[in-house]
Amino acid sequence: MARKYELVYVVSPDATDAQVSELHTQVEQIAQRLGGSIEKTDNWGRRKLAYEIGPHKEGTYVLETIDGGGELMKEIDRRLKVSDLIIRHLIVRIDEEQAVIDRTRSRRTDTARRRRVARGLPPDRQPGEGQRSEMEDDDRFDMNEVER
Amino acid sequence: MNGRKGSGARGKAGAQGGQGGKDGQRRPMFRRRKVCKFCADKIDDINYKDTKLLMPFVPERAKILPRRISGTCAMHQRKLRTAIMRARQLALIPYTAE
């Protein structure tokens, strides 16, 4: 039940700030009504779109992280589809992926620490420790070998 | 023309084309061994919001750069693909460049 979703929506550039924040409160209300909550909101502001969507060349991006169930997201999805101020939106479930990421990360630090201890070093890197310099030249991804 | 053909053309250049014998007399081609960027830099999270990270993998034409060229490992290429497709939906990355 404790699922976490991420919602990004692109609001038409004609919308005023008030309209944008109204959309936010709308989403919040739906969330509350259906037993969810908004964990955090992030307004990316106005950005240029990578391609034109209808008449629009820019849009205001808003990112919301929402706790709640699938029913809630379905409802939000439906509402956003209907709204004509919103030109695009995307809902992604993030809790599972986040868990995987955290797991790999902690596993990596654990093995790193274990190996360091096995070599008789303190588990964490010391500030003055050299060995691996900051990514020697990183032109592994020079793409000039690409044929066209 | 630039001679990436034959079986060795996968780009895993660990071995030099040196003793290539019959077809390789003209180029002692050294291909840099490709490394998966995400493995090397320990990037666990390939996120669709991170356009800076994704952009190098969608060159000019805005097509996804194939693994054989970027050297990305299978797992990360898969994640990269989903991330790019999500970013495209939100118009963060183009579908095509005209």
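Residues numbered from 1 in each chain as written. Chains lettered and ligands numbered in written order. Predicted model: local features only at pLDDT ≥ 70, side-chain atom pairs only at ≥ 80, totals over all residues. Heavy atoms only, no water.

Observations regarding the overall build of chain A
The line we're drawing: Numbered from the N terminus, helices here are DSSP runs of H or I no shorter than four residues, and strands are runs of E no shorter than two. Buried means the residue's accessible area, taken with a 1.4 Å probe over protein chains only, is under 20% of the maximum for its type, while exposed means over 50%, and partly exposed covers the values in between. When checking whether two residues touch, look at their non-hydrogen atoms; a contact exists if any pair is within 4.5 Å.
Summing up its helical and strand segments, chain A has three helices and four strands in all. For chain A, the succession of helices and strands along the chain, N to C, is β-α-β-β-α-β-α. Buried residues in chain A amount to 32% of all 148 residues. Residue pairs at least 24 apart in sequence account for 66% of intrachain contacts in chain A once pairs closer than 6 positions are excluded.

Details of the overall build of chain B
Keep this limit in mind: Using a 1.4 Å probe, the Shrake-Rupley method yields the accessible areas, and only the shown protein chains count as cover for residues.
For chain B, the helix and strand inventory stands at four helices and zero strands. In sequence order, the secondary structure elements of chain B are arranged as α-α-α-α. Buried residues in chain B amount to 41% of all 98 residues. Intrachain contacts of chain B at a sequence separation of at least 6 include 53% that bridge at least 24 residues. With an accessible surface of roughly 6,100 Å², chain B has 53% of that area assigned to carbon and sulfur atoms.

Description of the pairing of strand β3 (residues 56–67) of chain A
One face of the sheet, then the other: side chains in a regular strand alternate in exactly this way. All names here are of chain A. Heads up, the condition is: Two strands pair under a simple rule: DSSP has to find at least two bridges between them.
Counting buried residues in β3 gives nine out of 12 residues, a clear majority hidden from the surface. Looking at chain direction, strand β1 (residues 4–11) and β3 are connected through eight bridges and run antiparallel. Paired with K4 across the strands is D67, a residue of β3. Linking two consecutive strands that pair antiparallel, namely strand β2 (residues 37–53) and β3, is a turn of two residues; a positive phi of about 60 degrees is found at G54 within it.

Quick look at the interface of chain A and chain B
Selection rule: Accessible surface is computed with a 1.4 Å probe, and the buried area is the amount of it that two parts give up when combined, taken over both parts together. For salt bridges, the criterion is a side-chain nitrogen of Lys or Arg within 4 Å of an Asp or Glu carboxyl oxygen.
On the chain B side, the residues contacting the 31 residues of chain A number 30 residues. Taken together, both faces of the contact between chain A and chain B bury some 2,800 Å²; the carbon and sulfur share is 54%. Where chain A packs against chain B, one counts four salt bridges. The partner of R86 of chain B in a salt bridge is E97 of chain A, and the shortest N-O contact between them spans 3.8 Å.

Concerning helix α3 (residues 95–118) of chain A
The line we're drawing: Multiplying one less than the number of residues by 1.5 Å gives the expected span of a helix.
Its 24 residues place the ends of α3 of chain A 34 Å apart at the C-alpha level, agreeing with the 34 Å of an ideal helix rising 1.5 Å per residue. Immediately beyond the C-terminal end of α3 of chain A, within one or two residues, lies G120 of chain A, with a positive phi of roughly 80 degrees.

A look at the side chain of Q77 of chain B
Topologically, Q77 of chain B is positioned in helix α4 (residues 74–89). Not counting residues within four places of it along the chain, the set of residues in contact with Q77 of chain B comprises I64, L65, P66, R67, S70 and T72 of chain B.

Regarding the pattern of salt bridges
As enumerated under the stated definition, the model contains 14 salt bridges over all chains in all. Put simply, E6 of chain A and K49 of chain B hold a salt bridge, and the shortest N to O gap is 2.8 Å. Residue E6 of chain A is located in strand β1, and its partner K49 of chain B is located in the loop between α1 (37–40) and α2 (51–54); the two belong to separate chains. By relative accessible area, which is 7% here, E6 of chain A ends up buried.

Digging into unusual backbone geometry
Residue and element names in this part refer to chain B. A positive phi angle, near 55 degrees, is found at K42, a position not held by glycine. Note on placement: K42 falls in the loop between α1 and α2. Even without being a glycine, A62 presents a positive backbone phi close to 70 degrees. Its place among the elements puts A62 in the loop between α2 and α3 (67–70). Classification of A62 by relative accessible area gives buried; the value is 1%.

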